[in-house]
Every structure is written in C-alpha cells, then in structure tokens.
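Single-letter residue listing:
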Amino acid sequence: MWNWIVAILSDPNTRWILLGCLLLGFSSGIIGSFTFLRKQSLIGDTLAHAALPGICIAFMLTETKSVGLFLFGALVAGIVATFGISWITRYSRIKQDAAMGIVLTVFFGVGVVMLTRIQHGASGSQSGLDKYLFGQAASMVMTDVYVMGGVCLVLLIACLAWFKEFKLVSFDPGFARGMGLPVAMLEQLILLLTVIAVVAGIQAVGVVLVAALLVTPAAAARCWTDSLALMVVLAGIFGALSGATGTIFSTLVPNLPTGPVTVLAATVLFAGSALLAPRRGLLARRLRSIQAKSAYMREERATLQTLATQRNQQERGEM
C-alpha cells in the first residue's frame, strides 16, 4: 500500500494536482456550509456560470492566455453577479432563487456567445477557454497550487474571524439584525468568499461542476451532526477527500478527467452519509421506525393482556 502511494506521488505534476485538489475541496467545503445552511445552494452554480463572460472578456482585452487574468476576470464577473442578484431582490418583487436563475442564464448565455465568437476568431483556437467549461486539473502547476493555498488560507481565516456572525446570519438573520449586526454586509461578505472559492475551482472542475464542491460536501456533513462548527470541519474534510480521490483515480485510469471524478467522489460520500449517518441516515431512521413500531406493539399487547386479565377477574367476581 505504501509503495503504491509512493509510486503515485513520485510524479511532481501529480503531487501538484493532488495538493491543489485537496486545498480546493477543503476551502469549498468550508464556505459551502454557510451557503447550504442559508438555503442558497444555487448561488455557487450561479456564480460559476457568471464567471464565463469575465474569462472571455479578459481574453478579448489582452488576447493572451493568462490564468491569472482569466481568474481576475472571473472574479470581477462574479462580484458583478452578486450585486446583480442583490439589486434584483431588493428593488423588485422577484425572490432570490428566481433572481439567481435570471443572473445565471443571462451571464452564461452572454459567455457562450463570447466564447463562440472567440473560437471562430484568429486566435481562438489557441485560447483554451473551452477547458474552463469542464475544467482541466491536469494543467495545474506550482503557481496554481500557491493560489489555491492562498484562497484556502483566506477562507479559513475569514470563517474563523466571523464564525459567530456567519452563524447568526445563517440561522436567524432577523435576530442578528436585532442585535445590531450589519446583516447586509455580512451576507455580501459570504457571497464574496463564495465567489473566491468558485473562481479558484474553475480551472480544476470547470464552471459547470464547481457548484457541486460547494454543496455536496456540506450536505454530506449535515447528515452527521447538528453542530455548525463540526459540520464546517467535516465538510472541509469531505471536500479534501473528494479532491484526493479524483486525483488518484484519474492518475490510475488513463483518459479519466480529474474534475468530474472529484464531483462523483463527493456524490458517493454524500450517498454514504445519507444512508449510514447515525441520526439522519436512512438506515438509522428506518431502524428507529421499526423500534418505535415494535415498542408500540408491545405496549398494545400489554394493554390488551391487562384488559383481558381485568375482565376475567370481573367475571369470576360476578360468579
């Protein structure tokens, strides 16, 4: 087993991909816990799709294939999308889920139009923008891992520094507002951190699948605990395990993409959690249901037996 692990990690490129996916999964799981609890699971998908026109605009302005410029364009587009969602929700009667759906479709539609135009241009074949749709983790290098590490550190520090505030905003924003907390600013801060996590994950899993790394580890962690602190830790661990699993399987099996396998690994972890979790798992709930039914039947039999005994005693007394 140890020799097998050493053989996999002997390739420097594999080490960078493994470390990058580990950091990506960990950071996405942490910030995804708060978006999941705030019932904003669609926000990750919205911001990921909204990043595509930012990437295209960055290429059109510079005509150079630069990962740093692409990610900067995606970050700016994601921030614009968050303000668009807030503006639609605040100044219209449209609910937040509908606003996110509008922003997702509009931004992604514009991005696809730009991408098609670029691909038919003179330098489009060399842009490599199509790789950002489904990700290309195999192209990670040392600088990308440093970026992932920086993103992970920023998200971890932010969640530790504002943990109590994020907790109140996630569970009871009305109570947080009554305590004098700047709820609107905290909500925008959570969205900004989500944008950062999404932009960091686009290169690995693409705009189509990056939302799964925000939602699925958090949903799996929620099955195991009612504590937010433990849920955040478990979501980070599940995300990191998904990234490691995707890297290892894509290394062992030829022509197997890392990003989709990472998402599938997260899905398997969620399925196992939903089935085997001690309190919220399907098996545990089924077992409790069977035990409750058995206890009810025992009580019914005991009651019937008591009534029968009392009836017999009454009949003997009358005789």
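Criteria and thresholds
Residues numbered from 1 in each chain as written. Predicted model: local features only at pLDDT ≥ 70, side-chain atom pairs only at ≥ 80, totals over all residues. Heavy atoms only, no water. Helix = DSSP H or I, 4+ residues; strand = E, 2+ residues; numbered from the N terminus. Rg over C-alpha atoms; globule rule 2.2 N^0.38 Å. Contact = heavy atoms within 4.5 Å. Areas by Shrake-Rupley, 256 points an atom, 1.4 Å probe, with all protein chains shown as cover. Lys, Arg positive; Asp, Glu negative; His and termini not counted. Charge placed at Lys NZ, Arg CZ, Asp CG, Glu CD. Buried < 20%, exposed > 50% of the residue type's maximum accessible area, 1.4 Å probe, protein only. Arc of directions from axis to C-beta. Salt bridge = Lys/Arg side-chain N within 4 Å of Asp/Glu carboxyl O. Phe/Tyr/Trp six-rings, centres within 6.5 Å; stacked < 30°, edge-to-face > 60°. 1 Å grid on protein atoms, 1.4 Å probe; cavity = no way out; pocket = protein on both sides within 12 Å on 5 of 7 lines; lining within 4 Å. Points joined across faces, edges and corners; volume = space filled by probe spheres on them. Nonpolar A, V, L, I, M, F, W, Y, C, P; charged D, E, K, R; others polar. Polar contact = N/O pair within 3.5 Å; in protein donor to acceptor, adjacent residues only side chain to side chain. Disulfide = S-S within 2.5 Å. Patch = residues over 30% accessible without salt bridge, like charges linked within 9 Å, V, L, I, M, F, W, Y side chains within 5 Å.

1. Remarks on the overall build of the protein chain
Regarding its fold elements, the protein chain presents 13 helices and 0 strands. Each helix and strand of the protein chain, ordered N terminal to C terminal, gives the series α-α-α-α-α-α-α-α-α-α-α-α-α. The globule rule puts the C-alpha radius of gyration for 319 residues at 20 Å, and the 26 Å found for the protein chain is more than 25% above it. Here the C-alpha coordinates of the protein chain stretch approximately 110 × 60 × 35 Å along the principal axes. For the protein chain, contacts bridging at least 24 residues in sequence account for 71% of all contacts bridging at least 6. When the accessible surface of the protein chain is split by element, carbon and sulfur atoms take 67% of a total near 17000 Å². Each charge class in the protein chain was averaged separately, 23 positive and 14 negative side chains, and the resulting centres sit 2 Å apart.

2. Section: helix H8 (residues 163-171)
Every α-helix carries 3.6 residues per turn, so stepping three or four residues along brings you back to the same face. Those residues of H8 not exposed but buried are Phe 166, Val 169 and Ser 170. Projection of H8 onto a plane perpendicular to its axis shows the buried side chains occupying an angular sector of 100°, all on one side. Exposed side chains of H8 directed beyond 90 degrees from the buried face belong to Lys 164 and Phe 171.

3. Re the pattern of salt bridges
Across all of its chains, the model carries 4 salt bridges by this definition. For Asp 226, the salt bridge goes to Arg 222, with nearest N and O atoms at 3.2 Å. Judged by its relative accessible area of 22%, Arg 222 is partly exposed. Asp 226 is the partner of Arg 280 in a salt bridge, and the nearest nitrogen-oxygen pair spans 2.5 Å. Here Arg 280 is found in the loop between helix H12 (258-276) and helix H13 (282-318), whereas its partner Asp 226 is found in the loop between helix H10 (183-222) and helix H11 (228-252), with 54 residues between them in sequence. A relative accessible area of 35% places Arg 280 in the partly exposed class. A relative accessible area of 42% places Asp 226 in the partly exposed class. One network of salt bridges, with partners in common, ties together Arg 222, Asp 226, Arg 279 and Arg 280.

4. Focus: the packing of aromatic side chains
Summed over all chains, the structure comprises 4 aromatic pairs. Where Phe 34 meets Phe 163, the ring centres are 6.4 Å apart and the plane angle is 75°; that geometry is what we call edge-to-face. One end of the pair, Phe 34, is in helix H2 (residues 12-37); the other, Phe 163, is in helix H8, and 129 residues separate them in sequence. The class of Phe 34 is buried, set by a relative accessible area of 0%. Since its relative accessible area comes to 23%, Phe 163 is described here as partly exposed. Ring-pair connections join several aromatic residues into one group, and the members of that group are Phe 34, Trp 162, Phe 163 and Phe 166.

5. Some remarks on the layout of surface pockets
The calculated volume of the largest pocket comes to roughly 280 Å³. Lining the largest pocket we find Arg 38, Gln 40, Ile 85, Ser 86, Thr 89, Arg 90, Gln 96, Ala 184, Glu 187, Gln 188 and Leu 191. Breaking the lining of the largest pocket down by element, the ones donating at least two residues are helix H4 (67-90) and H10. Looking at side-chain class alone, the lining of the largest pocket contains 3 nonpolar, 5 polar and 3 charged residues.

6. Here we look at the side chain of Thr 216
Within the secondary structure, Thr 216 is located in helix H10. Within polar-contact distance, the side chain of Thr 216 engages the backbone oxygen of Ala 212 at 2.9 Å. Not counting residues within four places of it along the chain, the set of residues in contact with Thr 216 comprises Ala 266, Thr 267 and Phe 270.

7. A few points about the side chain of Thr 194
One can find Thr 194 in helix H10. The buried category is assigned to Thr 194, whose relative accessible area is 0%. Look past the residues within four positions of Thr 194 in its chain and what remains in contact with it is Ile 31, Thr 35, Ile 43, Leu 47 and Leu 214.

8. Digging into the state of the cysteines
Under the defined criterion, the tally for this structure stands at 0 disulfides. As a non-bridged cysteine, Cys 21 has Cys 152 as the owner of its nearest cysteine sulfur, 13 Å distant.

9. Observations concerning empty space enclosed by the protein
Tallying each qualifying case throughout the model produces 1 cavity of 30 Å³ or more. When residues of the lining of the largest cavity are traced back to their parent elements, those giving at least two are helix H7 (142-161) and H10. When residues in the lining of the largest cavity are grouped by element, the largest group, 3 residues, is from H7. Residue composition of the lining of the largest cavity, by class: 4 nonpolar, 1 polar and 1 charged.

10. Some remarks on a nonpolar patch on the surface
Taken together, the side chains of Trp 224, Leu 275, Leu 276, Leu 282 and Leu 283 present a nonpolar region at the surface, about 480 Å² in accessible area. If you list the elements that add at least two residues to the nonpolar patch, you get H12 and H13. Inspection of the secondary structure assignment puts Leu 276 in helix H12. Relative accessible area serves as the criterion here: at 54%, Leu 276 is assigned to the exposed category.

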